[in-house]
Amino acid sequence: MARATFRAKLFLAALATAALALVVASALFAGLMRARTNARIESTLVAEAHLAVELVKAAPAAARWQDEAVRVGTAVGARVTLVAPDGHVVADSAETPEAVATMENHGTRPEIVEARESGFGAARRPSDTLRVDMLYVAVPASRPDVAIVRLALPLTSVEQQIRDVLRVTALALVVALAGAALIAWALSGRIGARVRAIAAAARRYQAGDFSAPRADFGDDELGTVATALDGSVHELGRRLTEIARDRARMTAMLGSMTEGVVVVDTAGELQVANDAARRMLDLDEAAIGRHYLEATRHPAIRELLSEAVDGRVPASRELAPPRHPDRTLVAYAAPVAAGRPLGAVLVLHDVTETKRIDRMRRDFVANVSHELRTPLTAIRGYVEALSADDGLPEERQRFLEIIARNATRMERLVSDLLRLARLDAGQETLAITRVDVAALAGTVVADLSPVLDDRDQHVTIDVAPEAAVVEADESKLRDVVRNLVANASTYAPEGTTVRIAARREDGCVSIVVSDEGPGIPEGDLTRIFERFYRVDKSRARDPGGTGLGLAIVKHLVELHGGTIRAENIPTGGARFTVSLRNADGGQVRG
Ligand code: ADP
């Protein structure tokens, strides 16, 4: 695991450094101690030699030298050898008198030669007698019988002292190493914990979590680096959040647009295509990231995008989207650049509805002009004929009637147009009251009775009790029913019956007007509600209508929040059903 490794590495590094320092220091110390101990032992031996010399000098002339040697040897704690001026051994504290007598001449021993020459001699070598390494120190005694006093110390005791020193040093080294290990462990633990905290923060950031508040990483170098990185990451996180918010806002904006928007990069790959663009160009989810030549086969779109990607601003084009040849799109393309080229954007505008409304308006104006010109031409013609003033009185009377009829027709046309204009402008408001349906139908029949009687037509009124009352604007509802009954009377033959019925179904009150006429061709059933739409376009048999009646009826019904539909009765005749939503269809009150 990374953190364990880090702590272990740190610990081992600290421990190794401490161990190396301690071992080197211990080695230096041991060396120094060894040298010092050696020097101290030697100087002690020298001092003891001088003391021994003093003791020997102070001995009486007839001293028993062997006893003296043993006494002095015991006093100084070393082997004492007394040598006569000629070099033969007088006494030796480590030997018996018999052995002393057999000892060889010491006059040539290096320490003795040196002492004779310079007043002091020292040497290290194995002892001939004792067969161990010895340290010898010789000082002249200047007596006739004893010329040199020599002290000898076995080097084994020197080594023993040095070993003692080394043992203590080694022990100190072990204790110091243990202490160093403890300190290194504690230190590496603290640093390890801080590194772990930094690593944990880094992992959180890597997972995209910037929620945690900024931690205190300390103020040393590690803390400074961590704080700086932490600050950068927080700043980055803040910018990422901002970018994500911008992107979400942009996606929401693009998603709610009715215009299609497509963005391609410099390589021509699709970066963005909003829902509207996908619908219009029939692009699927996988189109994003693909080249536009691959994503769309539409030649005009390809040309526009290729020009825009090349940095030009092509003129807008009108085109039909794939699979919807009846619709019209206007496409604009432009290069996108921010210091350097970034690609191109394509905007698609569906103008089908605008075009349809435009066409309708043109048709409407043409229709109005046409409808007005016919009676005007008639009026002008008959006025001219009258001005000639050469006709018979009966003929003049007929001309005047034609003029009057056409003038009335024009008046009706203009008043219908004005009403439609008011309805379009929303200037007609509803005055809702509880309307008695049967009474309303009765008024309509009474209003139209001259026409109905004239055509020998009969009207039946059949209102179900639960549809007796409807909440509506009475005068407007009367206009609706009057129009439908008038049409029934106009288009059905003489002597037929027109039926007005009211029913309640699914919470709606339906007012149905049916006749026994020729009905309406199936293809025209929905179109008869359009302005100026007539089934019989020749106007050869002009029943005097304006072609606007049903358009006004539909408008009035929709103003009430209701619907109107036309259908043919299988047994013959047309049926118009007006459905009005109504909370209360109860009996008439009062
Ligand atoms: P108009 O003023 O010509 O009657 P409308 O808008 O009232 O205009 O009607 C549009 C057309 O619908 C009429 O020209 C007629 O062809 C047809 N129409 C309306 N009512 C009936 C009906 N009851 N029977 C047959 N055709 C009808």
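Residues numbered from 1 in each chain as written. Predicted model: local features only at pLDDT ≥ 70, side-chain atom pairs only at ≥ 80, totals over all residues. Heavy atoms only, no water.

What follows concerns the overall build of the protein. Secondary structure summary: the protein contains 14 helices and 17 strands in total. Here the C-alpha radius of gyration of the protein, 65 Å, is well above what a compact globule of 590 residues would show, namely 25 Å. Reported as C-alpha extents along the three principal axes, the dimensions of the protein are approximately 210 × 65 × 40 Å. Here the analysis covers contacts within the protein between residues at least 6 apart in sequence; of these, 58% occur between residues at least 24 apart. A total accessible area of about 33,000 Å² is found for the protein, and carbon and sulfur atoms account for 58% of it. (Helix = DSSP H or I, 4+ residues; strand = E, 2+ residues; numbered from the N terminus. Rg over C-alpha atoms; globule rule 2.2 N^0.38 Å. Contact = heavy atoms within 4.5 Å. Areas by Shrake-Rupley, 256 points an atom, 1.4 Å probe, with all protein chains shown as cover.)

Note that Ile461 resides in strand β12 (residues 458–463). By relative accessible area, which is 38% here, Ile461 ends up partly exposed. As a C-alpha pair, Ile461 and Ile500 span 39 residues in sequence and 4.8 Å in three-dimensional space. Beyond its immediate stretch of four places on either side in the chain, Ile461 contacts Ala441, Gly442, Val445 and Ile500. (Buried < 20%, exposed > 50% of the residue type's maximum accessible area, 1.4 Å probe, protein only.)

This part is about the domain arrangement of the protein. According to the domain assignment, the protein consists of domain 1 (6–161), domain 2 (257–350), domain 3 (370–424) and domain 4 (432–581). Look at where the C-alpha atoms of domain 1 and domain 4 centre, and you get two points 149 Å apart. (Domains from an automatic or database assignment.)

Considering all chains together, one arrives at 4 aromatic pairs under this definition. Here Phe11 and Trp185 contribute two aromatic rings whose centre-to-centre distance is 5.1 Å and whose plane-to-plane angle is 85 degrees, an arrangement assigned as edge-to-face. Linking Phe11 in helix α1 (residues 2–58) with Trp185 in helix α5 (residues 155–206), this pair joins segments that are 174 residues apart in sequence. Classification of Trp185 by relative accessible area gives partly exposed; the value is 43%. Consider the rings of Tyr382 and Phe399, whose centres lie 5.0 Å apart with planes at 55 degrees: the pair is tilted. Taken together, the positions of Tyr382 in helix α10 (residues 352–388) and Phe399 in helix α11 (residues 393–424) put the pair 17 residues apart, joining distant regions of the chain. Its end group placed over the ring of Tyr205, Arg204 keeps NZ or CZ at 5.9 Å from the ring centre. Sitting above the plane of the Phe364 ring, Arg531 keeps its charged end 5.7 Å from the centroid. (Phe/Tyr/Trp six-rings, centres within 6.5 Å; stacked < 30°, edge-to-face > 60°. Lys NZ or Arg CZ within 6 Å of the ring centre and 35° of its normal.)

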